[in-house]
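Observations on the three-dimensional arrangement
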There are 2 protein chains.
Amino acid sequence: MNKQQILRKRPTTLPESDTWELVSSDIPRPAVGEVLVKTHYVSIDPAMRGWMMDRKSYLPPVQLGEVMRGGTVGEVIESNAHPTLEVGDILSGWGGVQQYFTTNGEMQFPVDTSVLPMQKYLGVLGMPGMTAYFGILEVGKIKEGDTVVISGAAGAVGSLAGQIAKIKGCRVVGIAGGTAKCDYVVNTLGFDACIDYKEGKVYEDLVAHCAQGIDVYFDNVGGPILDAVLARIRLNARIVLCGAISQYNNTEVYGPKNYLSLLINRGTMQGMVVLDYITRYQEAGAQIGQWMLAGKIQSEETIVEGIEGLHPTFMRLFNGDKRGKLLLKVNAE
Amino acid sequence: MNKQQILRKRPTTLPESDTWELVSSDIPRPAVGEVLVKTHYVSIDPAMRGWMMDRKSYLPPVQLGEVMRGGTVGEVIESNAHPTLEVGDILSGWGGVQQYFTTNGEMQFPVDTSVLPMQKYLGVLGMPGMTAYFGILEVGKIKEGDTVVISGAAGAVGSLAGQIAKIKGCRVVGIAGGTAKCDYVVNTLGFDACIDYKEGKVYEDLVAHCAQGIDVYFDNVGGPILDAVLARIRLNARIVLCGAISQYNNTEVYGPKNYLSLLINRGTMQGMVVLDYITRYQEAGAQIGQWMLAGKIQSEETIVEGIEGLHPTFMRLFNGDKRGKLLLKVNAE
């Protein structure tokens, strides 16, 4: 049988246990020219919260009654005369939150698991990795000597964005929740410092750690932390708007009251969506892979077993109970 | 005697009648190498509100007890062996809110009044003109066919920014307060449409007038109008943060709740300060002058007589009782 998580309700604040329904149906049969994929991991992303809302965005909303959208990595277990894909191929793509799916291969990319395990292709070599890479380099335009601040620093995107900034010769200050995460950010990831926002003095800590002000801020969280950073930016600062995890479950978004600091400091705040860089994913993947093999990039996954656990796993994005890339393991390997 | 307006109190909300004090002193004597300037017009600018606040900004704050900072245009009436300036020269620069001042010529620029009257050098050919020119072209990066929205459309900066956008082949929609101003914006300045924000349906009007969304927004006002525009931007939109007149007298700034529209639409919000373009003022002035002489640019000044009237004149910036460049005439010509 194929277990699937179906979107049943559009949450207005935090998703609840009946937001999705777990259903079982027959494992689908691949049509001619298709393959059947057994999914191993589903990526659990903050972006999923946005896809559940019925509004115009960079992707159409998931419809009620549909399988929840999700990035996946899995194995081809049957081919019905597909021209190129073979049994045993590992595919990264949009499989959704289910155990099996059929595909003609569109938006599914074969990945090489001979050197790195498949789950890396949902994290450091997947969308979070691409987001970090293009966000910090193309939108943040970091250069040697810059002071760079990264929120969500222990997360899949932030951890990589900061490590890339370190490689490029920046001073990098992370922001994360709790002592354990901050230790990880400094001692494992190699950031110069990490601010524990749960101590409630982010602005004061930014003053202490960014004596000359902030050149680049990679924002994954929004809210009052964004305001604290805005109050501390330098001339010509760049703010990469990548996400706003603190705001996704609010009925009213916290608007940054210090946005006029952009005016005084000739700063730029720019939004990014990783899909725009799809033609350059290969370039980024090659570079990140090289850094990983050279030991310059550390990455981690928090893996939760069982498709049944979508809701509590998803909640970890918001309560912070995870490190690095959050994955749901939906089938045994 | 020399009448001067001295900053006595730092306003926390709207300036009051005792924010400045009018004092009289002897007309100063130029030292050797200096000239004495009789000021004709003082520019009354929203930026003055920021200069009164005791905080780090792009210029140091005006100190209590100092003559209020202000842009001026006036006539050299005495030279004490100045190497280049002569009696009769007209200077534009930072004379402050007073009737006379001495200067060695630093930050004072001789202007040619043979074709255009001196007050134009505080408006369309002065800082507001430069702000509009570099803001719409360099920060807004307008191109033919763009839909451009301008708030403060009947003001000194907005009126010019919109006319430049029209010259460059954009569709231009203004936002202003009241029917009379909107008529002026459309019928005299030649904008394609103008939204009267006092009717309280800015978002709906933006939907009506910008069917395809907004490519460039030149923001002079901030507040809920900025939010309405954010909700209507197109892919890769540029927002020029030039000012926020609606927020300058608030103790807490209204943060744009729709800022995440920048993320979804890969938009950019960028602050600007005209002083950064000082080396290119001449280029801009020549171009604007050419457009004026060709009849492509209309400009207007609201002139209030008497240095005594600084406070009520300044209040017109916030109650909207003015059109084009607001000037205080502090001496008879």
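When chain B is brought onto chain A, the operation consists of a screw motion whose angular component is 180° and whose axial shift is 0.0 Å, with 0.0 Å RMSD remaining. With respect to symmetry, the two chain copies, as superposed, fit the operation of a two-fold axis. Among all residues of chain B, the one whose C-alpha sits closest to the rotation axis is glycine 255 of chain B, at a distance of 2.0 Å.

Frequently, the measure chosen for interface size is the accessible area removed from exposure when the parts meet. All names here are of chain A. Each domain of chain A was delimited in the assignment, giving domain 1 (2-123 + 299-329) and domain 2 (127-275). For domain 1 and domain 2, the distance between their C-alpha centroids amounts to 28 Å. Residue-level contacts link 20 residues of domain 1 with 15 residues of domain 2. If you look at where domain 1 meets domain 2, you find zero salt bridges. Where domain 1 meets domain 2, there are six residue pairs in polar contact (both at pLDDT 80 or more). A class-by-class count of the residues in the side of domain 1 that touches domain 2 yields nine nonpolar, five polar and six charged.

Moving on to the nonpolar core. With 74 residues, the main nonpolar core has Met269 of chain A together with Met269 of chain B as its most contacted residues. Counting residues in each nonpolar core, the second largest holds 50 residues, with Val216, Val240, Ile288 and Ile297 of chain A among its members.

It is worth spelling out the pattern of salt bridges at this point. Overall, the coordinates contain 38 salt bridges over all chains when judged by the stated rule. Two residues, lysine 120 of chain B and glutamate 301 of chain B, come together in a salt bridge whose shortest N-O distance is 2.8 Å. Taken together, the residues span a long stretch of sequence, with lysine 120 of chain B in the loop between β7 (108-110) and α2 (127-139) and glutamate 301 of chain B in strand β14 (residues 301-305) at a distance of 181 residues. No difference in accessibility class separates lysine 120 of chain B from glutamate 301 of chain B, as the two residues are buried. What you see here is one network of salt bridges that share partners, running through Glu138, Arg280 and Glu283 of chain A.

This part takes up the confidence of the model for chain A. Per-residue confidence for chain A gives a mean pLDDT of 96, with 100% of residues at or over 70. If you check the scores for this complex, the pTM reads 0.93 and the ipTM reads 0.92.

Reading the values: rules and limits
Residues numbered from 1 in each chain as written. Chains lettered and ligands numbered in written order. Predicted model: local features only at pLDDT ≥ 70, side-chain atom pairs only at ≥ 80, totals over all residues. Heavy atoms only, no water. Least-squares fit on C-alpha atoms with pLDDT ≥ 70 in both. Domains from an automatic or database assignment. Contact = heavy atoms within 4.5 Å. Salt bridge = Lys/Arg side-chain N within 4 Å of Asp/Glu carboxyl O. Polar contact = N/O pair within 3.5 Å; in protein donor to acceptor, adjacent residues only side chain to side chain. Nonpolar A, V, L, I, M, F, W, Y, C, P; charged D, E, K, R; others polar. Core = buried A, V, L, I, M, F, W, Y, C linked by side-chain atoms within 4.5 Å. Buried < 20%, exposed > 50% of the residue type's maximum accessible area, 1.4 Å probe, protein only. Helix = DSSP H or I, 4+ residues; strand = E, 2+ residues; numbered from the N terminus. pLDDT = per-residue confidence, 0-100.

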